Amino acid sequence: MSKDSLESAQVAARPQATGTPADAGDAGYSKDLKARHVNMIAIGGAIGTGLFLGAGGRLHNAGPALAVAYLICGVFAFFVVRALGELVLYRPSSGSFVSYAREFLGEKGAYVAGWMYFLNWSTTGIADITAIALYTHYWSMFTSIPQWVLALVALAVVLAVNLISVKIFGEMEFWFAIIKVATLVGFMLIGIFLLATQHKVGGQTPGLSVVTDHGGVLPHGLMPVVLVMQGVIFAYAALELVGVAAGETAEPEKVVPRAVNSIMWRVGLFYVGSVVLLALLLPGSVYSAGQSPFVTVLSKIGVSGAGDVMNLVVLTAAMSSLNSGLYSTGRILRSMAMAGSAPKFTARMNRSQVPYGGILLTCAVCVLGVGLNYLMPSQAFEIVLNVASLGIISTWVIIMICHMIFVRRARAGLVTRPDFRLKGSPVTEIATIVFLLVCLGMMGKDPEVGRKTLLLIPVIAVLLVGGWYGVRSRVSKEADRELSELTR
């Protein structure tokens with residue numbers, strides 16, 4: 001069965017198929033996510049450990065220019081989410097970009113998109129449970145408990161939440177996001193007060209002099225700023241969750257544009273604003289990768305308990321990320337399973353309309369991460385974080401390619417674009433793809449971890465090709481069955 005004949009049948013049948021999901025994987029879901037859930041999922045996706053913890057080491061290496069790096073990466077991240085938002089309004093789907101890749105790139109495109117996203121979130125899940133265990137060890141009452149035990153407990157708790165219902169997931173993400181936003185707002189108010197009153201921080205008067213007296217905006221030159229871009233991109237990972245969540249909300253046409261449009265000012269306020277404040281309060285050399293930059297500032301002004309509060313927030317951010325990863329991969333794998341490109345059991349749903357098969361598969365990989373925590377507790381986090389970056393960059397590139405093809409078909413009169421659009425196509429998509437690939441290439445400048453990560457690309461490619469040959473007959477049968485139903 002050719003891809004063209006299947007696409008033609010789908011386009012022809014869509015007007016008569018009102019009420020029938022265009023993607024078989026969309027059937028059976030509840031619509032229990034409310035506007036406040038999706039809005040907070042968008043916020044939670046934009047705020048995570050990349051800011052609360054990762055900004056310290058990046059400020060140390062890149063200096064105040066890190067704010068510019070966050071702004072540039074934030075603009076391109078917004079382009080990706082805006083493109084995905086347009087596709088969502090064209091056709092909401094819990095399969096999200098995998099479903100769109102199936103429509104615009106064919107089953108091979110959907111297969112690559114799905115499994116690379118699974119690679120991203122399954123390895124991110126390992127990083128998350130590792131981080132949770134490390135953060136929990138901060139408190140002396142937990143230091144005697146092995147790291148792998150804490151990782152396993154965290155995984156079990158978040159798994160239970162995901163399996164109950166999507167509404168519970170939404171509530172959990174809502175409150176996780178509230179904690180993160182409240183913490184950032186509180187810190188920014190303290191920072192602004194310190195600047196306005198010229199209150200000394202660590203013996204120094206905050207302000208522009210902190211920047212000018214310590215090497216300026218680029219204290220170590222331009223190259224360190226370029227090198228941190230890849231890490232900054234990973235900090236924005238999970239923004240695409242808005243597209244997945246849209247498949248389980250009753251009014252995506254109202255909820256999604258509001259959530260997507262708010263991402264840009266949130267990025268500007270929380271990421272760029274926070275980094276600017278941090279740079280004005282203390283020199284970049286004072287910050288370090290091993291401590292949250294917010295804890296560094298608060299400890300310098302003598303705030304007792306700052307470390308405990310911030311550790312709790314970072315712990316919350318890691319739990320939120322793990323929660324989101326299980327949620328999204330469950331939906332993505334079900335979409336793939338219904339098309340034949342993922343194991344059949346990942347299509348199964350429980351009575352609460354939760355695709356538990358895919359969630360359990362992701363958990364199985366995370367259990368391997370528990371083993372990694374047992375064997376290599378000091379290196380587990382670094383290893384999986386870099387592998388995950390390959391997955392998120394490939395996912396964003398696929399989203400932009402799908403959007404380009406969508407716009408081309410709209411201009412040919414084959415589909416209709418919604419009013420909510422990404423402007424400047426195809427220049428915007430091409431610029432974003434080039435930027436992402438450059439960030440990927442810059443990993444080669446890091447001989448310790450980045451270069452080794454890039455060497456995994458041919459290994460992953462071989463696994464994807466081998467996997468495709470293993471599932472293509474099943475995919476072909478599903479395509480034939482779908483075509484016969486569409487043309488019946």
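Refer to the preceding data block for the structure.
Summarised in this report is the structure supplied together with it. (Residues numbered from 1 in each chain as written. Predicted model: local features only at pLDDT ≥ 70, side-chain atom pairs only at ≥ 80, totals over all residues. Heavy atoms only, no water.)

1. Quick notes on the overall build of the chain
Then step 1. Helix and strand content of the chain: 20 helices and zero strands.
Then step 2. Taking all 488 residues of the chain together, 58% fall into the buried category.
Then step 3. Put simply, of all contacts in the chain between residues at least 6 apart along the chain, 80% involve residues at least 24 apart.
Then step 4. Surface accessibility of the chain: about 19500 Å² in total, with carbon and sulfur atoms responsible for 66%. (Helix = DSSP H or I, 4+ residues; strand = E, 2+ residues; numbered from the N terminus. Buried < 20%, exposed > 50% of the residue type's maximum accessible area, 1.4 Å probe, protein only. Contact = heavy atoms within 4.5 Å. Areas by Shrake-Rupley, 256 points an atom, 1.4 Å probe, with all protein chains shown as cover.)

2. Comments concerning unusual backbone geometry
Then step 1. Here the amide bond leading from serine 425 into proline 426 is cis, since omega sits at 5°, within 30 degrees of zero.
Then step 2. Within the secondary structure layout, proline 426 lies in the loop between helix H17 (380–411) and helix H18 (427–441).
Then step 3. With phi around 55°, glutamine 198 is a residue other than glycine that occupies positive phi space.
Then step 4. Inspection of the secondary structure puts glutamine 198 in the loop between helix H8 (166–197) and helix H9 (208–212).
Then step 5. You can call glutamine 198 partly exposed: its relative accessible area is 42%.
Then step 6. Unusually for a residue other than glycine, glutamine 353 sits at a positive phi of about 65°.
Then step 7. Residue position: glutamine 353 is located in the loop between helix H15 (306–339) and helix H16 (356–375).
Then step 8. On the basis of relative accessible area, glutamine 353 is assigned to the partly exposed category, the value being 31%.

3. Section: the nonpolar core
Then step 1. Ranked by size, the top nonpolar core spans 152 residues in total, and within it Phe52, Leu66, Tyr70, Tyr236 and Trp396 carry the most contacts.
Then step 2. Examining the composition of this core, we find that 18 residues originate from one element, helix H6 (residues 96–136), more than from any other. (Core = buried A, V, L, I, M, F, W, Y, C linked by side-chain atoms within 4.5 Å.)

4. Some thoughts on a nonpolar patch on the surface
Then step 1. Side chains of Trp148, Leu152 and Val367 sit close together on the surface and give an oily, nonpolar patch of about 240 Å² of accessible area.
Then step 2. Mapped onto the fold, leucine 152 is located in helix H7 (residues 147–164).
Then step 3. Residue classification places leucine 152 among the partly exposed positions, given a relative accessible area of 37%. (Patch = residues over 30% accessible without salt bridge, like charges linked within 9 Å, V, L, I, M, F, W, Y side chains within 5 Å. Salt bridge = Lys/Arg side-chain N within 4 Å of Asp/Glu carboxyl O.)

5. Re the packing of aromatic side chains
Then step 1. Tallied over the full model, the rule gives 15 aromatic pairs.
Then step 2. With a centroid separation of 4.6 Å and 80° between ring planes, the pair formed by phenylalanine 97 and tyrosine 117 is classed as edge-to-face.
Then step 3. Note on tyrosine 117: relative accessible area 0%, which makes it buried.
Then step 4. Among the aromatic side chains, those forming a connected cluster through ring pairs are Tyr70, Tyr236 and Tyr271.
Then step 5. Between the NZ or CZ atom of arginine 82 and the centre of the ring of phenylalanine 420, over which it lies, the distance is 3.9 Å. (Phe/Tyr/Trp six-rings, centres within 6.5 Å; stacked < 30°, edge-to-face > 60°. Lys NZ or Arg CZ within 6 Å of the ring centre and 35° of its normal.)

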